[in-house]
Amino acid sequence: MLKYTENKCFTQEQVQQLFLSVGWVSGQYPQRLYKALMHSSTVLTVWDGDKLVGLIRALDDSEMLAQIHYVLVHPDYQGQGIAGEMLERIKEKYKNYLYIEGMPEDEKNVPFYEKHGFQRMEHGAAIQICNYSDKR
């Protein structure tokens with residue numbers, strides 16, 4: 001049975017393994033990733049025993065805006081509804097905020113979010129500065 005928790009009870013190694021399992025560059029910066037997660041507003045994790053199998057992070061301003069950043073599930077556990085359950089729990093937590101936003105890095109993930117009630121911003125555009133090429 002899977003356990004969902006907002007307790008930040010994960011180790012740097014567990015987080016790194018999860019991120020690397022899905023090929024995310026963040027996993028190449030384990031110390032920075034761990035510190036970022038420990039200072040995030042909300043980190044919801046999913047556990048199968050002592051194995052970290054899913055994680056979603058939200059950053060918020062305490063009232064108006066919550067931004068979902070990171071939704072990932074270990075490949076061995078994908079297709080079981082874990083990501084959807086994490087997203088629904090975050091939506092419930094932030095239901096009184098004016099906005100809950102996300103920015104999927106891959107266009108193919110947009111239908112997943114739409115299935116959970118998100119809409120594309122009519123005139124929005126993703127913007128980013130990428131500073132990780134040589135900084136570890």
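Residues numbered from 1 in each chain as written. Predicted model: local features only at pLDDT ≥ 70, side-chain atom pairs only at ≥ 80, totals over all residues. Heavy atoms only, no water.

Q: I'd love a proper account of the packing of aromatic side chains, names of residues and values included.
A: Taken as a whole, this structure holds seven aromatic pairs when the rule is applied. With a centroid separation of 5.9 Å and 40 degrees between ring planes, the pair formed by Trp 24 and Tyr 70 is classed as tilted. Taken as a pair, Trp 24 in the loop between α1 (12-21) and α2 (30-38) and Tyr 70 in strand β4 (residues 65-73) lie far apart in primary sequence, 46 residues in all. When its relative accessible area of 30% is taken as the criterion, Trp 24 is described as partly exposed. (Phe/Tyr/Trp six-rings, centres within 6.5 Å; stacked < 30°, edge-to-face > 60°. Helix = DSSP H or I, 4+ residues; strand = E, 2+ residues; numbered from the N terminus. Buried < 20%, exposed > 50% of the residue type's maximum accessible area, 1.4 Å probe, protein only.)

Q: A description of the nonpolar core should follow, citing residues and the corresponding values.
A: Ranked by size, the top nonpolar core spans 19 residues in total, and within it Ile 56, Ile 68, Val 71, Met 86 and Ile 90 carry the most contacts. At the level of elements, β2 (42-48), β3 (51-60), β4 and α3 (82-93) are the ones that each hand at least two residues to this core. For this core, the leading source of residues is α3, giving five residues. What Met 86 contacts, discounting residues up to four positions off in sequence, is Tyr 4, Leu 44, Val 46, Gly 54, Leu 55, Ile 56, Val 71, Leu 72 and Val 73. (Core = buried A, V, L, I, M, F, W, Y, C linked by side-chain atoms within 4.5 Å. Contact = heavy atoms within 4.5 Å.)

Q: Residue-level account of α2, with values.
A: All of the buried residues along α2 are Pro 30, Leu 33 and Leu 37. Angular distribution of buried residues about the axis of α2 spans 65 degrees; they occupy a single face of the element. In α2, the exposed residues that point more than 90 degrees away from the buried face are Gln 31, Arg 32 and Lys 35. On its buried face, α2 sits against α1, β2, β3 and β4. (Arc of directions from axis to C-beta.)

Q: Give me the lowdown on unusual backbone geometry, citing residues and values where you can.
A: At Ser 62, a residue that is not glycine, the phi angle is positive and equals roughly 80 degrees. Within the secondary structure, Ser 62 sits in the loop between β3 and β4. Of the residues examined, Ser 62 reaches a relative accessible area of 51% and is grouped as exposed. Within the chain, Tyr 70 stands out as a residue other than glycine whose phi angle is a positive 90 degrees.

Q: Go over the pattern of salt bridges with me, naming the residues and quoting the values.
A: This structure, assessed with the given rule, holds eight salt bridges. A salt bridge links Asp 76 to Lys 51, with the shortest nitrogen-to-oxygen separation between them at 4.0 Å. Here Lys 51 lies in strand β3 and Asp 76 lies in the loop between β4 and α3, a separation of 25 residues in the sequence. Classification of Asp 76 as exposed rests on a relative accessible area of 56%. Here Asp 106 ties to Lys 108 by a salt bridge, and the two come within 3.3 Å at their closest N and O atoms. Given the relative accessible area of 62%, Lys 108 is considered exposed. One salt-bridge network, in which partners are shared between bridges, spans Glu 107, Glu 114 and Arg 120. (Salt bridge = Lys/Arg side-chain N within 4 Å of Asp/Glu carboxyl O.)

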